[in-house]
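# Analysis of the macromolecular model
Listed below are the residues making up each chain.
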Amino acid sequence: MKNKFPVVEIFDSIDGEGKRTGYMAIFVRFAGCNIRCTYCDTCYALSPEDALFYFTKDELLAKIRSYPWKRITFTGGEPLLQPLEEICRILGDEGYDINIETNGAVPLFRHRPKGVFYTMDYKCTGSGVRKYMRTENFRDLTQDDVLKFVVSDRRDLDDMKYILDTYFPTGGPKFYVSPVWGRIEPVELVDYVKAHGLDRVCVQVQLHKIIWSPTKRGV
Ligand code: SF4
């Protein structure tokens, strides 16, 4: 549908991961993704045809404003496949704190609107899509942003360390590592971080998968 945003779901819940973990936010999940991770847990949002709603810009803004929260998480699928810049600019001017969860395989905004921060994935080898990662995006990440590694095994942990050593010997965004649910035990992440002295890396688990069932949607 031309000029409409394909949306799978909108809901409010706690942010289950990242720097706002545990705080209430509005979630907008867009339909459509440009890659196919082996462990994708949102297979219902991979194609634009998965959309259940088609919103104009004004309809989407009205829906967002109907919630009492000033935090928003744009996710997917891949939200940056949508022309989101104007919406972000409007929401940023209204005081929203905007988290864009992006898969690392699309360019970031050329001019970042006020209020926007990125939670960007770096897909490690176990994802099957590492070759699509845009390391060019790294230079646009600030200390307000998050670079997140979702790891399946020891090789993925080594990938993470390689990225840190190579691209961020000092400084950079906030670094998080979390396990692919069911593939690796969280304790292995802690052991790795400890063994390698990675004091800049925060180990996390997805809180919503603990509070609710790992497959529950809309939470
Ligand atoms: S980037 Fe996200 S939505 Fe796309 S395939 Fe990977 S896990 Fe699924």
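Let me sum up the structure you'll find in this document. Not measured: the values here are computed from a predicted model.

The helix and strand inventory of the protein stands at five helices and nine strands. Each helix and strand of the protein, ordered N terminal to C terminal, gives the series β-β-β-α-β-α-β-β-β-α-β-α-β-α. On C-alpha atoms alone, the protein measures out to a radius of gyration of 17 Å, which is about the 17 Å that the 2.2 N^0.38 rule sets for 219 residues. Projected onto its principal axes, the C-alpha coordinates of the protein cover approximately 50 × 35 × 30 Å. Here the protein holds 219 residues, and 52% of them are scored as buried.

What follows concerns the site of the ligand. The ligand sits among C33, I35, R36, C37, C40, T42, L46, G77, N103 and K123. Taken together, the residues of the shell around the ligand break down into five nonpolar, three polar and two charged.

A few words now on the sheet that holds strand β4 (residues 71-75). Spatially, nine strands are ordered β3-β1-β2-β4-β5-β6-β7-β8-β9 in an open sheet, and the strand pairing comes out mixed. Each end of this open sheet is capped by a strand with a single partner; those strands are β3 (53-55) and β9 (201-203). Neighbouring strand axes in the sheet, compared pairwise and without regard to direction, differ in orientation by 30 degrees on average. Where strand β7 (residues 146-151) and strand β8 (residues 174-179) come together, six bridges link them in parallel fashion. Note that in β8 the partner of L147 across the bridge is F175.

With respect to the helices and strands, the residue H208 is situated in helix α5 (residues 207-211). For H208, a relative accessible area of 16% translates into the label buried. The residues contacting H208, other than those within four sequence positions of it, are G16, E17, S213 and V219.

Right, let's get into helix α1 (residues 57-65). Buried within α1 are the following residues: L60, L61 and I64. Seen along its axis, α1 keeps its buried residues to an arc of 100 degrees; they face one direction. Where α1 is buried, its residues contact β1 (5-14), β2 (24-30), β3, β4 and α2 (85-93).

What follows concerns the pattern of salt bridges. This model, assessed by the stated rule, comprises 16 salt bridges. Ionic pairing is found between K148 and D121, a salt bridge with its closest N-O pair at 3.4 Å. Placement of the pair is K148 in strand β7 and D121 in strand β6 (residues 116-123), with a sequence separation of 27 residues. Through salt bridges that share partners, E17, D121, K123 and K148 make up one connected network.

Once that is clear, we can look at a nonpolar patch on the surface. Among the surface-exposed residues, W181, I210 and I211 lie close enough to one another that they form a single nonpolar patch of about 310 Å² accessible area. For I210, the position within the fold is in helix α5.

All chains considered together, the criterion is met by 10 aromatic pairs. Judged by centre distance (6.2 Å) and plane angle (45 degrees), the ring pair of Y122 and F138 falls under tilted. One end of the pair, Y122, is in strand β6; the other, F138, is in the loop between β6 and β7, with 16 residues separating them in the sequence. Its relative accessible area of 5% is what places F138 among the buried residues. Where F138 meets F168, the ring centres are 5.1 Å apart and the plane angle is 55 degrees; that geometry is what we call tilted. Highlighted residues: F138 in the loop between β6 and β7 and F168 in the loop between α3 (154-167) and β8, separated in sequence by 30 residues. Among the aromatic residues, those joined into a ring-pair cluster are Y122, F138, F149, Y167, F168 and F175. The ring of F117 has K19 lying over it, and the distance from NZ or CZ to the ring centre is 4.0 Å.

Definitions and cut-offs
Residues numbered from 1 in each chain as written. Predicted model: local features only at pLDDT ≥ 70, side-chain atom pairs only at ≥ 80, totals over all residues. Heavy atoms only, no water. Helix = DSSP H or I, 4+ residues; strand = E, 2+ residues; numbered from the N terminus. Rg over C-alpha atoms; globule rule 2.2 N^0.38 Å. Buried < 20%, exposed > 50% of the residue type's maximum accessible area, 1.4 Å probe, protein only. Near = heavy atom within 4 Å. Nonpolar A, V, L, I, M, F, W, Y, C, P; charged D, E, K, R; others polar. Pairing = 2+ DSSP bridges. Axes fitted to C-alpha atoms, helices over the stretch in contact; angles between N-to-C directions. Contact = heavy atoms within 4.5 Å. Arc of directions from axis to C-beta. Salt bridge = Lys/Arg side-chain N within 4 Å of Asp/Glu carboxyl O. Patch = residues over 30% accessible without salt bridge, like charges linked within 9 Å, V, L, I, M, F, W, Y side chains within 5 Å. Areas by Shrake-Rupley, 256 points an atom, 1.4 Å probe, with all protein chains shown as cover. Phe/Tyr/Trp six-rings, centres within 6.5 Å; stacked < 30°, edge-to-face > 60°. Lys NZ or Arg CZ within 6 Å of the ring centre and 35° of its normal.

By themselves, these are just geometric observations and shouldn't be taken as functional.
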